[in-house]
Amino acid sequence: MALTEEQRSEIEAVRAAPHQTVRPTVPAMEELLFEPFPLLDHGFIRVVDYMGDDSAVVQAARVSYGRGTRKTTEDAGLIRYLMRHRHSTPFEMCEIKFHVKLPLFVARQWIRHRMASVNEYSARYSVLDREFYLPDATQIAAQSRVNNQGRGEALSAETAQEVLSILQRDALQCYGDYEQMLDPEGMGVARELARINLTLNTYTQWYWKIDLHNLMHFLALRSDPHAQYEIRVYAQKMIEILKAWVPHTAQAFEEYRLGAYSFSASMLRVLRRRLAGEMVTLETSGLTKREWTEMQAVLEG
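About the cut-offs
Residues numbered from 1 in each chain as written. Predicted model: local features only at pLDDT ≥ 70, side-chain atom pairs only at ≥ 80, totals over all residues. Heavy atoms only, no water. Salt bridge = Lys/Arg side-chain N within 4 Å of Asp/Glu carboxyl O. Helix = DSSP H or I, 4+ residues; strand = E, 2+ residues; numbered from the N terminus. Buried < 20%, exposed > 50% of the residue type's maximum accessible area, 1.4 Å probe, protein only. UniProt positions renumbered as here; feature names shortened; annotations may be inferred.

A few points about the pattern of salt bridges
All chains considered together, the criterion is met by 12 salt bridges. Residue E120 pairs with R108 through a salt bridge whose shortest N-O separation is 3.5 Å. Highlighted residues: E120 in strand β4 (residues 117–120) and R108 in helix α5 (residues 104–110), separated in sequence by 12 residues. Its relative accessible area of 40% is what places R108 among the partly exposed residues. Here K243 makes a salt bridge to E254, at a shortest N to O gap of 3.1 Å. Taken together, the residues span a long stretch of sequence, with K243 in helix α9 (residues 229–245) and E254 in helix α10 (residues 247–258) at a distance of 11 residues. The class of K243 is partly exposed, set by a relative accessible area of 41%. You can call E254 partly exposed: its relative accessible area is 34%.

This is the structure in structure tokens:
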């Protein structure tokens, strides 16, 4: 269960008490504000606050005093120009704050993106919930033969169930020992020490605030097919939220970042030679085998 009934009641109470404001708001974001979106088996993500919209990006780029009188199409065109030419500072004028519940191993990947403000649930101060991430059997796969940090072919159903049994057994055993160590009538171990026994699939929570530019950098990396499945689930939901928040920016992001590919100077020389009618091979390209393979994969779709 992602949320307790008490937590849901708190969220409903907040949503039922709107506040007046003179700052720009986005109706689509107001609709989903505070709403938890369940992810994985016990996780969720929800927006708790945001600042700015597409017009804030345009306003910062033009250094204007207000929303202006230009047409929406002109604003969208400027945003596409900014994205295309990687003018990032106007996008830094918008910010968003998420409340995220996620497994510890996902959190450790996530925290590598350092251009954000983070406040995590403290296991030194409080006791972590008895909740662990157990992957769907279809997500249990062997080590990839070509990607040293990824998954390859799915394991058989029988082996997958065996893996799930091990993960569940170990998580329950470790959490049981955690509770035993914490027991004030027993061992009475300090929370900051008892927590070190927990498994990496234990859930944690945090508030994560980031500007729009760095959010898109995070999403470009973590929604990529090469990213781990579990963090991609969060990134994909955040892209949906991005579309509700800043639709023109999200469209430009999909066009120039998610759906685009950057060629190196050497790759461009190969393409120009091909366009001139020359038959270029790996041996005559000047590219490494990996570069050649990556370029071919893009060109061949």
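Side note on unusual backbone geometry
In this model, L40 sits at a positive phi of 55 degrees, which is unusual for a non-glycine residue. Within the fold, L40 resides in the loop between β1 (37–39) and β2 (43–51). Judged by relative accessible area, which is 25%, L40 ranks as partly exposed. Located in the positive-phi region is R86, a residue other than glycine, with phi close to 55 degrees. You can call R86 exposed: its relative accessible area is 55%.

What about the UniProt feature "binding site: dUMP" (unreviewed entry) in the protein chain?
Summarizing the sequence annotation, UniProt attributes the feature "binding site: dUMP" (unreviewed entry) to Q109, W110, I111, R112, E120, Y121, S122, A123, R124, R195 and R222 in the numbering used throughout. In summary, the annotated positions, distributed over 114 residues, remain apart in three dimensions as well, the widest C-alpha pair reaching 29.2 Å. Looking at the element boundaries, Q109 is found in helix α5. By the secondary structure assignment, R112 is in the loop between α5 and β4. A residue is classified by how much of its surface remains accessible, and R112, at 62% relative accessible area, is exposed.

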